[in-house]
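# Architecture and fold: a report
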Amino acid sequence: MEALFHGVILAFGLILPLGVQNVFIFNQGATQKKFTNSLPAVITAGVCDTILIYLAVAGVSMVVLSFEWLKVLLFLVGFFFLAYMGWIMWKNTPEKNANQVQNRFSARRQVTFAASVSLFNPHAIMDTIGVIGTSSLVYTGYDKWVFTVACMMISWIWFFSLAISGRKIGQFDKNGKLLKHMNQVSALIIWVMTIYMGYQLYSLVN
């Protein structure tokens, strides 16, 4: 029981802060015509988090990221991708009219972006490895599996909740102005994180 509560509380603590992944999932829930249309982003984010948590608990990811050059590469790819994604979010300003469908992310694009913000985000990976991976070391056998599954379960619940919340906001916003501002705020948040990542990348190579 202790492992279950530990996993739930720890996962909530890591996933609650506003990040690129959360912003993207919420945005898809708000801008898609139906909730089911945002499922590609939700499911992709959930699968990616599940994989990262498993690798962290298994200790594989910690071994991989012990290579300094790999951390630099991860930050470099993450920096350019987040800068690009911020531009896409700023440009993607949906209006409530017949042409709105042209501004929505397709299923393939949702999968690509959700996977990228999950796997190319060094901070999310470091948190998963450093916090979840390290915390799992106190458990063995059955308790370790309970802890791991609890962390995975919270990720899935959270992503579905974000998309549903976004959907409710999208339904409330009749003229599309709120969605437009939300996209622009999302872009600014992503760019701030990009700048911070660039600073950390500079620190790594100097």
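The numbers attached to residues start from 1 for each chain and follow its sequence in the written order. Thresholds applied to this predicted model are a pLDDT of at least 70 for local features of residues and 80 or more for the giving and counting of side-chain atom pairs; totals over whole chains, interfaces and linings are not thresholded and use all residues. Excluded from the side-chain calculations are hydrogens and water; all other atoms, namely the structure's heavy atoms, are used.

## Comments concerning a nonpolar patch on the surface
To keep things clear, this is the line we draw: Every patch collects residues that have over 30% relative accessible area and no salt bridge, joining them within 9 Å if they carry like charges and within 5 Å if they are nonpolar side chains (Val, Leu, Ile, Met, Phe, Trp, Tyr). We get accessible surface area from the Shrake-Rupley algorithm with a probe of 1.4 Å; when it comes to residues, only the shown protein chains can shield them. Here, a salt bridge means any Lys or Arg side-chain nitrogen found within 4 Å of an Asp or Glu carboxyl oxygen. Numbering goes from the N terminus for both helices and strands, where a helix is a DSSP run of H or I of at least four residues and a strand is a run of E of at least two. Remark: exposure states derive from per-residue accessible area (1.4 Å probe, protein chains only) relative to the maximum for the residue type, with buried under 20%, exposed over 50%, and partly exposed in between.
Together, F67, W69, L73, L76, V77, F80, L119 and F120 give the surface a local cluster of nonpolar side chains, amounting to about 750 Å² of exposed area. For the nonpolar patch, the element with the most residues is helix α5 (residues 68-91), which contributes 5 residues. In this structure, V77 sits in helix α5. Looking at V77, the relative accessible area reads 32%, which means it is partly exposed.

## Some points on the nonpolar core
Inclusion rule: Buried residues of nine kinds, namely Ala, Val, Leu, Ile, Met, Phe, Trp, Tyr and Cys, make up a nonpolar core once their side-chain atoms join them within 4.5 Å. Here, residues are in contact when the closest pair of their heavy atoms is within 4.5 Å.
Within the largest apolar cluster, 41 residues are counted, with the highest numbers of intra-cluster contacts made by F24, I25, M85 and F159. Counting residues per element, the ones that place at least two in this core are α1 (2-15), α2 (20-31), α3 (39-58), α5, α6 (107-119), α8 (141-172) and α9 (177-205). Counting residues per element, this core draws most heavily on α8, at 10 residues. The contact partners of I25, leaving out residues within four places of it in the chain, are A41, V42, A45, F159, L162 and A163.

## Remarks on α2
The cut-off we apply is this: By this rule, a helix spans an expected 1.5 Å times one less than how many residues it contains.
With 12 residues, α2 extends 16 Å between its outermost C-alpha atoms, agreeing within 8% with the 16 Å of an ideal straight helix rising 1.5 Å per residue. Counting buried residues in α2 gives 11 out of 12 residues, a clear majority hidden from the surface. Here α2 has its buried residues at V20, Q21, N22, V23, F24, I25, N27, Q28, G29, A30 and T31. Contacts made by the buried residues of α2 are with α1, α3, α5, α6, α8 and α9.

## Examining the packing of α5 against α6
What counts here: Note on geometry: axes are C-alpha line fits, over the in-contact stretch for helices, and angles between N-to-C directions span 0 to 180 degrees. Small angles under 35 degrees read as roughly parallel and large ones over 145 as roughly antiparallel, with 65 to 115 read as roughly perpendicular and the rest as oblique. In this scheme the handedness of a crossing depends on how the near helix is turned from the far one: anticlockwise by less than a right angle means left-handed, clockwise means right-handed. Each residue receives one of three labels: charged for Asp, Glu, Lys and Arg, nonpolar for Ala, Val, Leu, Ile, Met, Phe, Trp, Tyr, Cys and Pro, and polar for the others, Gly being one of them.
Axis separation between α5 and α6 bottoms out at 10 Å; the angle between their running directions is 135°. Classified by the interaxial angle, the pair formed by α5 and α6 is oblique. Handedness of the α5/α6 crossing: left-handed. Counting all contacts with α5, which are made through L74, F81, Y84, M85 and I88, the residues of α6 involved are R109, F113, S116, V117 and L119. Taken together, the residues of the contact of α5 with α6 sort by class into 8 nonpolar, 1 polar and 1 charged.

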